[in-house]
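Structural overview
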Amino acid sequence: MKKALSTQFPDSLKLLCLLLFLSCLNWGCKGPEADSRRNMLAGETSPYLLQHAENPVHWQAWSDEIWEMAKAEDKLVLISIGYSSCHWCHVMEEETFENDSVARFMNENFINVKVDREERPDVDHVYMTAVQLMTGSGGWPLNVLVLPNGKPLYGGTYHPTEQWMQVLTEINRLYREDPQKANDYADRVAKGVAEVNLIEAPATEGIPGMETISGAVELWKNEWDLQWGGFKGEQKFMLPSNLDFLLDYAYLTKDQQAREHLRKTLQLMSRGGVFDQLGGGFYRYSTDSEWRIPHFEKMLYDNAQLIGVYARAFKFYQDPEFRETAERIFGFLRQEMKNPEGGYYAALDADSEGVEGKYYTWSGADLKSLLGGEFDTFADYYGIGGAAGENNTDWVLYRNQSDQAFAQKQGIMLTELSELKSGWHKVLMEQRSRRTRPGMDDKIITSWNALLVSSLVTAYEAFDKAEYLNEAVSLFNSVMDQTYDSGDLQHSFKKGAATQPGFLEDYTYMTQAAFRLYQATADEAYLNTAEELIAEAKARFRKTDSPLYRFKKDDELIAAIVKTTDGVMPSPNTVLAELFLKLGHFKYDKAYLQQHQEMLRLLSGRFLQNPQNYAAWGSLLLLQQDNYYEVAIVGERARDLQAEMNRNFLPNALVVASEIPSELPLYDQRFVAGETYIYVCQNHSCKLPVTAVEKALSQLNE
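Small disclaimer: the values here were computed from a predicted structure and weren't measured.

Now for the overall build of the protein. Scanning the protein from N- to C-terminus turns up 26 helices and 23 strands. Computed over its C-alpha atoms, the radius of gyration of the protein comes to 26 Å, within 12% of the 27 Å expected for a compact globule of 702 residues. Considered along the principal axes of its C-alpha atoms, the protein spans approximately 85 × 70 × 50 Å. Classification of the 702 residues of the protein by burial places 60% in the buried group. Within the protein, counting contacts between residues at least 6 apart in sequence, those at least 24 apart form 71% of the total.

Written as C-alpha cells, this is what we have:
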C-alpha cells in the first residue's frame, strides 16, 4: 500500500501535520445543515468510481465545477484517489465510506470528489507528490483535503474510521478558525510540489563516463538483497526499468556480481508466490522479502513490460526458464485480460467475495482431495508446509528450486515432471474456474497497451515466433483505431466513456511501439506513424524553459508536472530521450541527437545519486560510452538475417532492415540486387559490409 520517498520537506510542515493529527478533538460540533446533493457516480464508466456509486457519501467525479462549488460554499474539497483493484481502497470503503455517520459529516462539511488514478494520472501525480512531501510516504487510497483553490492542506492514505473522523474534524476546524494559517501552509506545500517538478541545470555539461557510472552502481549494490534477489525491504516490487538496466550493465561492463544478482532475482521472482504458478502472470508486489506472499492484484502495465524483460534475459543468459516465464505471462494476458474487440484490460482485483487472494489460494484439505496420491509430490514441488501455509489454509504456491534440481531429487525425468505439472494445473485451474472471479477493470489504457506492443516485439525477436509479432501488430492497430484521430491521442478507451486527452506517456509509449514495429516489419507506415506521434508530443508537451516535457498539455493543476523518475513504468521523458537517440541515429538527424544529449545531461546527475529511481536514464548513459552501433541489413534476405541477428543480446545496437531499395539514410545506395549485406556502423561511419551474421557480430566486438 505504501512506498516511501526520500524527498525532503521542512520539518515545520511535517510537525504541523502531526500536531493536527494528534490533537485532542471534540466530535460534538455540528456542521451546516445537510445539503440536497446525492452521490453522482452512477453515470460514470470507471469501474473504480462505480464501486463507490452506492456509498452514502455524496461523491462526484473530478471536474472544473468542483472548484466553483467549493468557493461558493466556502468548503474544503476532499479528493479521494484510488483504482479498482486496490485492496486498501476496498477496506476503507467498507469501513468508512459506507458508514452513514461518517458520510453525513463528510457531506455537510466537504465537497467530496472521487478520482480513478488510472484515468487521471495527472491528478494522482500532483497530489501524490504533495502527500509524499508532507508525510515522507504515499500510497492508495490517497486522501487529500484541499482548499477551494486546489492547494493541499492535508494528505494521507488509508485511515481507520475513528482516525479518519479525527482528521476531518481537526482540519475542518483549522480552516474555519484560522484560515490564514491554513492558506499559508497550503501555499508552502504547493510551492514544494512545484519545486519537485523543477529540474535544475547540471553543474557540468559533460556526460558521465563508465567509471563514474560504475561508481554509482557500486554504491547501489549496498541496497541489493544478495540472498533473495531484488532490493532490500519488507516489500518487493518488480521494477522493469531496473531489471533492464542491470541486463545492459552486466553485458557492457562484464560485472559478474551484477550478472549473478540479476539472474537470481529473475529466477526467484518467477519461482515465487508473487508469480501465479498456475495461471501465469505476476501479481503486483510481494509483501515479504522472499517473493512468497503477494499482494494479489494483477496489473497490465508491469506484466506487459516483464514479457520483454524475460525475453531479453533469455537472450542474455540462454536460460529456458526465462523463456517459459515470458510465454506464461503472455498466455495469462491473452486468456484473462484481452478484450475480444481489441486491446487489453487494465487490471484484475486482488479481492473476491471480499477476501484478498481467495481466488488464488488453497487449503491443504482441498489440495489433498483434488490431487489424491500425487499430493505429496505436488506439496514438495510447490513449497507447501512452509511459512505460507503453517495454519494449513490459504497456501500460496511457490517453487524453491529449478525443475532440473527437483526432477533429480525425485529421480524422474524432466519430461515426466512436465507431464505431472500439466496434470496438476489442469485439475486446479478447473477448480479455480468454479470460484468467484476477481473484478476486472475493463478500461483499455493507451500507454499500458503500448508497453505491451513493444514487449511483444522483443519476444518475437528473442523467440522467433510469429504469434508475438502478429499480436503486436493487431494490438497496435486496434489501439490506434480506438484512440487516435488527426493527431489527437486519447488516454483510454471504454464504450460509453468520456474521452480524456492523451498524456505525454501515451504519445511517447505509442511512438516507441510504432518504431519497434517498424524495426520488426520494415513497414515504413509504422515509421511514419512514429514520426507523426513524436511531432505531436513535441508540439503539445515541450516546456519553454527546459529540454524536458510536461506530463500533460495544460497546467491547470497547482503545479506543472514533469515526470522524470523511472518507477514501475519508465518516465515518459526517458522514453522520449531514447527515441531521440534512436531516430537520430537512424535518420542522421542532428536535431534529435542534440535533444537527446540535452535531456540526458540534465538527468544524468539524478541517476548517479539515485540509480534505483532513474534506472532507465542509466541505460541511456550506458549508450553514450562510444559503443553504440547502427546495423543496417539491406537486400532480399534482410528480414531473415535480421531475425538471426536479433536472437543475440545486443543492447547497444540499433538493428534495422530493408528488403527493397530505400532513400532512408542508413539504406541509401546500399541495395544490390541479388545480394544481402550487413552494414555495421558507428556514428554513421560504416565498416566493410558482410554477408553473414557471425561476421557482423565479430565487427561489433572488435
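The rest of the description comes next.
Moving on to the sheet that holds strand β6 (residues 142-146). Ordered by their spatial adjacency, five strands build an open sheet running β2-β4-β3-β6-β7, and the pairing between neighbours is mixed. Bordering the open sheet on either side are β2 (60-61) and β7 (152-156), each of which pairs with just one other strand. Examined bridge by bridge, β2 and strand β4 (residues 110-116) share two bridges and lie parallel to one another. The residue bridging A61 from the neighbouring strand is K114, located in β4. Helix α6 (residues 121-135) rests against β3 (76-82), β4, β6 and β7 of the sheet, and its axis sits at about 85 degrees to β7.

Here we come to helix α14 (residues 364-371). Since the α-helix turns once every 3.6 residues, residues separated by three or four places project in the same direction. Residues of α14 that are buried: G364, L367 and L371. Along the axis of α14, the buried residues cluster in a sector spanning 65 degrees; they form a single face. Of the residues in α14, the exposed ones pointing more than 90 degrees away from the buried face are A365 and S369. On its buried face, α14 is in contact with α15 (375-381) and α17 (414-432).

Examined against the element boundaries, V123 turns out to sit in helix α6. With relative accessibility at 0%, the residue V123 sits in the buried group. Dropping the residues within four chain positions of it, V123 is found in contact with W62, I81, V115 and L557.

To continue, consider the state of the cysteines. Counted according to the given criterion, the structure contains two disulfides. For C86, the disulfide goes to C89, at an S-S distance of 2.3 Å. Note on the C86 and C89 pair: the S-S dihedral is about 80 degrees, so by sign convention the disulfide is right-handed. With respect to class, C86 is no different from C89; both count as buried. At a sulfur-sulfur separation of 1.9 Å, the disulfide partner of C681 is C686. Residues C681 and C686 are joined by a disulfide whose S-S torsion is about 95 degrees; by sign, that bridge is right-handed. Here C686 falls in the partly exposed class, since its relative accessible area comes to 28%. Once the bonded cysteines of the protein are numbered in order along the sequence, the disulfide links fall as 1-2, 3-4.

Before going further, it helps to spend a moment on the pairing of β6. Among the five residues that make up β6, five are buried, leaving the element largely enclosed by the rest of the structure. Residues L142, V144 and V146 line one face of β6 and the alternating positions N143 and L145 line the opposite face, and both faces are buried. Summarising the sheet, β3 and β6 pair through five bridges and their orientation is antiparallel. Across the sheet, S80 pairs through a bridge with N143, a residue of β6. Relative to β7, β6 runs antiparallel, the two being bridged by four bridges.

We now examine the sheet that holds strand β15 (residues 440-441). The antiparallel open sheet is built from three strands, whose spatial order is β11-β12-β15. The sheet is open, and its two edges are formed by β11 (298-299) and β15, each paired on a single side.

A separate point is the pattern of salt bridges. One pass over the full model with this rule turns up 40 salt bridges. Here R176 and D74 are joined by a salt bridge, their closest N and O atoms 3.3 Å apart. In this pair, R176 is assigned in helix α7 (residues 161-177) and D74 in the loop between α3 (65-73) and β3, connecting sequence segments 102 residues apart. R176 sits in the partly exposed class, given a relative accessible area of 40%. Ionic pairing is found between E321 and R399, a salt bridge with its closest N-O pair at 3.7 Å. One end of the pair, E321, is in helix α13 (residues 320-337); the other, R399, is in the loop between α15 and α16 (403-410), with 78 residues separating them in the sequence. The residues E321 and R399 share a single accessibility class, namely buried. When salt bridges with common partners are traced through the structure, they connect R271, E321, E324, R399, D403 and K421 into a single cluster.

Our focus in this paragraph is the environment of P294. Within the secondary structure, P294 is located in strand β10 (residues 294-295). Taking relative accessible area as the criterion, P294 reaches 2% and is therefore assigned buried. In sequence terms P294 and V396 are 102 residues apart; their C-alpha atoms lie 8.5 Å from each other. Beyond its immediate sequence surroundings of up to four residues, P294 is in contact with G273, V274, Y283, Y285, S286, T287, E356 and V396.

This next bit is on the packing of α7 against helix α8 (residues 179-196). Orientation of α7 relative to α8, taken along the N-to-C sense of each, is 110 degrees, at an axis distance of 5 Å. By the angle class used here, α7 and α8 are roughly perpendicular. Together, L174, Y175, R176 and E177 of α7 and P179, K181 and A182 of α8 make up the contact between the two elements. For the contact of α7 with α8, the per-class residue count stands at four nonpolar, no polar and three charged.

It is worth spelling out the nonpolar core at this point. Buried together is how nonpolar side chains tend to be arranged in soluble globular proteins. If you look at the biggest cluster of nonpolar residues, it comprises 197 residues, and the most contacted ones within it are W62, Y127 and F586. Ranked by the residues each element gives to this core, the list is headed by helix α12 (residues 300-317), at 12 residues. Beyond its immediate chain neighbours, meaning those up to four positions away, F586 contacts F515, Y518, L527, L654, V656, L664, P665, L666 and Y667. If you look at the next biggest cluster of nonpolar residues, it comprises 18 residues, including W362, L371, A407 and W424.

So, how was this worked out
- Residues numbered from 1 in each chain as written.
- Predicted model: local features only at pLDDT ≥ 70, side-chain atom pairs only at ≥ 80, totals over all residues.
- Heavy atoms only, no water.
- Helix = DSSP H or I, 4+ residues; strand = E, 2+ residues; numbered from the N terminus.
- Rg over C-alpha atoms; globule rule 2.2 N^0.38 Å.
- Buried < 20%, exposed > 50% of the residue type's maximum accessible area, 1.4 Å probe, protein only.
- Contact = heavy atoms within 4.5 Å.
- Pairing = 2+ DSSP bridges.
- Axes fitted to C-alpha atoms, helices over the stretch in contact; angles between N-to-C directions.
- Arc of directions from axis to C-beta.
- Disulfide = S-S within 2.5 Å.
- Salt bridge = Lys/Arg side-chain N within 4 Å of Asp/Glu carboxyl O.
- Parallel < 35°, antiparallel > 145°, perpendicular 65-115°, else oblique.
- Nonpolar A, V, L, I, M, F, W, Y, C, P; charged D, E, K, R; others polar.
- Core = buried A, V, L, I, M, F, W, Y, C linked by side-chain atoms within 4.5 Å.

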